[in-house]
Amino acid sequence: MDISELLEKAKDASKNAYCPYSKFSVGACVLYESGNTYLGCNVENSSFGMTLCAERNAISSAIANGEKSEIKAVAIYSPQSTKCMPCGACRQWFSEFVTTDDFVVIVEDDDKTPVSYTLEELLPYSFKLIH
Ligand code: THU
């Protein structure tokens, strides 16, 4: 699956966002080695700190659906902004599940073309516990 397709799926997912407070909708599409993709959108709450980001929602969906293969990429899209980069909490979530160096985060660049980042670029020196 190419990266433009992943961004398209993230765009579709952003249409389901529940964001009455920020009015900032986000969609995410996570791709696994199996070829399976899972979608997520942000889900806000009147107790703001309980808001769930699109990326964590997508990864949770993969886990809940029994996905066991390697996580390969996540595309993130917001109709309200180009370069919708993942927040720090979501970067830490990627770090929990990413096992390969070729994992990429894909966002729409300012010129509307897809751009990719490695996790090393987005979260160097990340915290990990051995388990
Ligand atoms: N949001 C995400 O869904 N992902 C991120 O990585 C950053 C922020 C959402 C949370 C909230 O609903 C809205 O964007 C504004 O912060």
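Draft legend 1. Main features of the packing of helix H2 (residues 54-64) against helix H3 (residues 88-97). Contact pair H2 / H3: the axes reach a minimum separation of 9 Å and the direction vectors enclose 25°. One finds that H2 runs roughly parallel with respect to H3. In contact with Glu55, Arg56, Ile59, Ser60 and Ile63 of H2, H3 contributes Ala89, Cys90, Trp93, Phe94 and Phe97. A class-by-class count of the residues in the contact of H2 with H3 yields seven nonpolar, one polar and two charged.

Draft legend 2. Broad picture of the nonpolar core. Within the largest apolar cluster, 24 residues are counted, with the highest numbers of intra-cluster contacts made by Val30, Val74, Phe94, Phe103 and Val105. Those elements giving two or more residues to this core turn out to be strand E1 (27-32), H2, strand E3 (71-77), H3, strand E4 (104-108), strand E5 (114-118) and helix H4 (119-122). Looking at which element gives the most residues to this core, the answer is H2, with four residues. Within the second largest apolar cluster, nine residues are counted, among which are Leu7, Ala10, Ala75 and Ile106.

Draft legend 3. Summary view of the packing of aromatic side chains. Under the definition given, this model contains four aromatic pairs. Ring centres of Tyr21 and Phe48 lie 5.5 Å apart, and the angle between their planes is 50°; this geometry places the pair in the tilted category. Of the two residues, Tyr21 sits in the loop between helix H1 (3-14) and E1 while Phe48 sits in the loop between strand E2 (37-41) and H2, which places them 27 residues apart along the sequence. Note on Tyr21: relative accessible area 41%, which makes it partly exposed. Taking relative accessible area as the criterion, Phe48 reaches 58% and is therefore assigned exposed. Plain terms: the ring middles of Phe94 and Phe103 are 5.7 Å apart, the flat faces sit at 50° to each other, and that makes the pair tilted. Both residues of the pair, Phe94 and Phe103, belong to the buried class.

Draft legend 4. How the structure looks around the site of the ligand. Contacts to the ligand come from Ser22, Phe24, Val26, Asn42, Glu44, Thr51, Cys53, Ala54, Glu55, Met85, Pro86 and Cys87. Within the backbone of Ala54, one N or O atom sits 3.0 Å away from an oxygen atom of the ligand. Relative to its unbound accessible surface of 370 Å², the ligand loses 79% to contact with the protein. Broken down by class, the residue content of the shell around the ligand amounts to seven nonpolar, three polar and two charged.

Draft legend 5. Region of the structure containing the pattern of salt bridges. Considering all chains together, one arrives at four salt bridges under this definition. In this structure, the salt-bridge partner of Glu33 is Lys72, at a minimum N-O distance of 3.4 Å. Note that Glu33 is positioned in the loop between E1 and E2 and Lys72 in strand E3, a separation of 39 residues in sequence. A relative accessible area of 16% means that Lys72 is categorised as buried. For the salt bridge of Lys72 with Asp102, the shortest nitrogen-to-oxygen distance reads 3.2 Å. Of this pair, Lys72 sits in strand E3 while Asp102 sits in the loop between H3 and E4, and the two are 30 residues apart along the sequence. Note on Asp102: relative accessible area 48%, which makes it partly exposed.

What counts as what
Counting from 1, residues in each chain are numbered in the order their sequence is written. It should be noted that, the model being predicted, local features are given only for residues of pLDDT at least 70 and side-chain atom pairs only at 80 or more, the latter also being counted only at that level, while totals for whole chains, interfaces and linings use all residues. Hydrogens and water are ignored here; the side-chain numbers use all heavy atoms of the structure. Every angle, taken between N-to-C directions, lies between 0 and 180 degrees, and every axis is a line fitted to C-alpha atoms, over only the stretch in contact when it is a helix. Helix and strand definitions here come from DSSP, where helices need a minimum of 4 consecutive H or I residues and strands a minimum of 2 consecutive E residues; each element is numbered from the N-terminal end. Between 65 and 115 degrees an angle is taken as roughly perpendicular, under 35 as roughly parallel, over 145 as roughly antiparallel, and anywhere else as oblique. The contact criterion used is simple: two residues touch if any of their non-hydrogen atoms lie within 4.5 Å. The classification used treats Ala, Val, Leu, Ile, Met, Phe, Trp, Tyr, Cys and Pro as nonpolar, Asp, Glu, Lys and Arg as charged, and all other residues, Gly among them, as polar. Buried residues of nine kinds, namely Ala, Val, Leu, Ile, Met, Phe, Trp, Tyr and Cys, make up a nonpolar core once their side-chain atoms join them within 4.5 Å. Only protein chains enter the calculation, and the probe is 1.4 Å; a residue is then buried if its accessible area is under 20% of its type maximum, exposed if over 50%, and partly exposed in between. Only the six-membered ring of Trp is used, alongside the rings of Phe and Tyr, when aromatic pairs are assigned; centres must lie within 6.5 Å, and planes under 30 degrees apart are stacked while those over 60 apart are edge-to-face, with the rest tilted. Nearness is judged by heavy atoms alone; a residue qualifies as near a molecule or strand once a single heavy atom is within 4 Å of it. Here a polar contact means two N or O atoms within 3.5 Å. Within protein one must be a hydrogen donor candidate and the other an acceptor candidate, and residues neighboring in sequence count only if both atoms are side-chain atoms. Shrake-Rupley sampling with a 1.4 Å probe provides the accessible areas, and residues are treated as covered by the protein chains on show and by no other component. Any Lys or Arg side-chain nitrogen found within 4 Å of a carboxyl oxygen on Asp or Glu counts as a salt bridge.

By themselves, these are just geometric observations and shouldn't be taken as functional.
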